[in-house]
Structures are given as C-alpha cells and as structure tokens.
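# Working through the structure, step by step
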Amino acid sequence: QVQLVESGGGLVQAGGSLRLSCAASGRTFSDYAMGWFRQAPGKEREFVATVTGLGRTTVYADSVKGRFTISRDNAKNTAYLQMNSLKPEDTAVYYCAASPRIDQMASNYIYWGQGTQVTVSS
C-alpha cells in the first residue's frame, strides 16, 4: 500500500504560481512513477504530468508544457508540481497518483491522493 497526501493548493491570480506537494508513505517510493491529474467541475479527470521512479523521464500534457514542472525527491518521499503562469482554465482539483510505470492513463495508476483545490482567478 502507498498512501498519498497532496498539499499546496489555493487561490491565486492569473499569471501567478503555486507548488503542489505529494507526500508518500508505505512502500518504496522510488518503485513508482508519480503522476499529477486534475479534474474541473463537470469535466473528466485529465492527465497533467508524470515522472519515472528515479526522476529521469517526464511527460507533460500539451496544455501545461512549458508552464508546469514535475519533480520528485525520493529521499523525502515527495513529488512536486511547480505551476507557473497559471490561467483560469487551470482551475481544478489536482490529484497525485502512483503507478508501477510511467503512464498518461489514469486507469493505470494504483494509488491516489485525496486531491487539493487550485483556483485561478482572472
């Protein structure tokens, strides 16, 4: 079992920045790729970014490429999502998740956090 707890969400103006954290406990953190997903009201959950277990490979959704950065610190069992140049359309609940391999499909992620709200005002 892996337990995931997100933090760092909040209200920010368009153009601002936030850094989300995802603290993991349980099994060996570096055994899992970590992903970030988001879900806006009335919309499907969508992929944002993912990083391999050792942090060597990252993949981003086109909508966030160049603005968001995913990273991880395996010594701290924590994954991060640095979000810059935020837009109102980035407003959503953001979830971190763990998967045995890097993947963009939510259905392949085994463990999920409870989510953290990000609201970007115009």
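The sections below set out a description of the structure shown in this document. Because the structure is predicted, anything quoted here is derived from the model rather than measured. (Residues numbered from 1 in each chain as written. Predicted model: local features only at pLDDT ≥ 70, side-chain atom pairs only at ≥ 80, totals over all residues. Heavy atoms only, no water.)

## Here we look at the overall build of the chain
Each helix and strand counted, the chain has zero helices and eleven strands in total. Reading the chain from its N end, one meets helices and strands in the order β-β-β-β-β-β-β-β-β-β-β. Scaling as 2.2 N^0.38, a compact globule of 122 residues should have a C-alpha radius of gyration of about 14 Å, and the chain matches this with 13 Å. For the chain, the spread of C-alpha atoms along the principal axes amounts to about 40 × 25 × 25 Å. Sorting the 122 residues of the chain into buried and exposed places 45% on the buried side. (Helix = DSSP H or I, 4+ residues; strand = E, 2+ residues; numbered from the N terminus. Rg over C-alpha atoms; globule rule 2.2 N^0.38 Å. Buried < 20%, exposed > 50% of the residue type's maximum accessible area, 1.4 Å probe, protein only.)

## Quick notes on the packing of aromatic side chains
Per the stated rule, a full pass over the model turns up six aromatic pairs. With a centroid separation of 5.1 Å and 50 degrees between ring planes, the pair formed by Phe37 and Trp112 is classed as tilted. Taken together, the residues Phe37 in strand 4 (residues 33-39) and Trp112 in strand 10 (residues 111-112) connect sequence positions 75 residues apart. When its relative accessible area of 1% is taken as the criterion, Phe37 is described as buried. On the basis of an interplanar angle of 75 degrees and a centroid distance of 6.4 Å, the ring pair of Tyr95 and Trp112 is categorised as edge-to-face. In this pair, Tyr95 sits in strand 9 (residues 92-99) while Trp112 sits in strand 10, placing the two residues 17 residues apart along the sequence. Taken together, the ring pairs in this structure connect Phe37, Phe47, Tyr95, Tyr109 and Trp112 into an aromatic cluster. Positioned above the aromatic ring of Phe29 is the side chain of Arg72, whose terminal nitrogen or guanidinium carbon lies 4.3 Å from the ring centre. (Phe/Tyr/Trp six-rings, centres within 6.5 Å; stacked < 30°, edge-to-face > 60°. Lys NZ or Arg CZ within 6 Å of the ring centre and 35° of its normal.)

## So, the side chain of Asp90
Tracing the chain through its elements places Asp90 in the loop between strand 8 (78-83) and strand 9. Among the residues examined, Asp90 registers a relative accessible area of 1% and is labelled buried. A polar contact of 2.9 Å, which involves the side chain of Asp90, links it to the side chain of Arg38. (Polar contact = N/O pair within 3.5 Å; in protein donor to acceptor, adjacent residues only side chain to side chain.)

## Some points on unusual backbone geometry
Peptide bonds are trans in most cases, and residues, glycine excluded, mostly fall at negative phi. With a phi angle near 50 degrees, Asn77 is a residue other than glycine that sits in the positive phi range. Backbone geometry at Ser85 places phi at a positive 50 degrees, although glycine is not the residue there. Along the chain, Ser85 falls in the loop between strand 8 and strand 9. Take Ser85: its relative accessible area is 41%, and that puts it in the partly exposed class.

## Observations concerning the pairing of strand 5 (residues 46-51)
The buried count for strand 5 comes to five of six residues, which makes it a mostly enclosed element. Where strand 4 meets strand 5, five bridges bridge the pair, whose relative direction is antiparallel. Across the sheet, residue Gly35 finds its bridge partner in strand 5, namely Thr50. With three bridges connecting them, strand 5 and strand 6 (residues 58-60) associate as antiparallel partners. (Pairing = 2+ DSSP bridges.)

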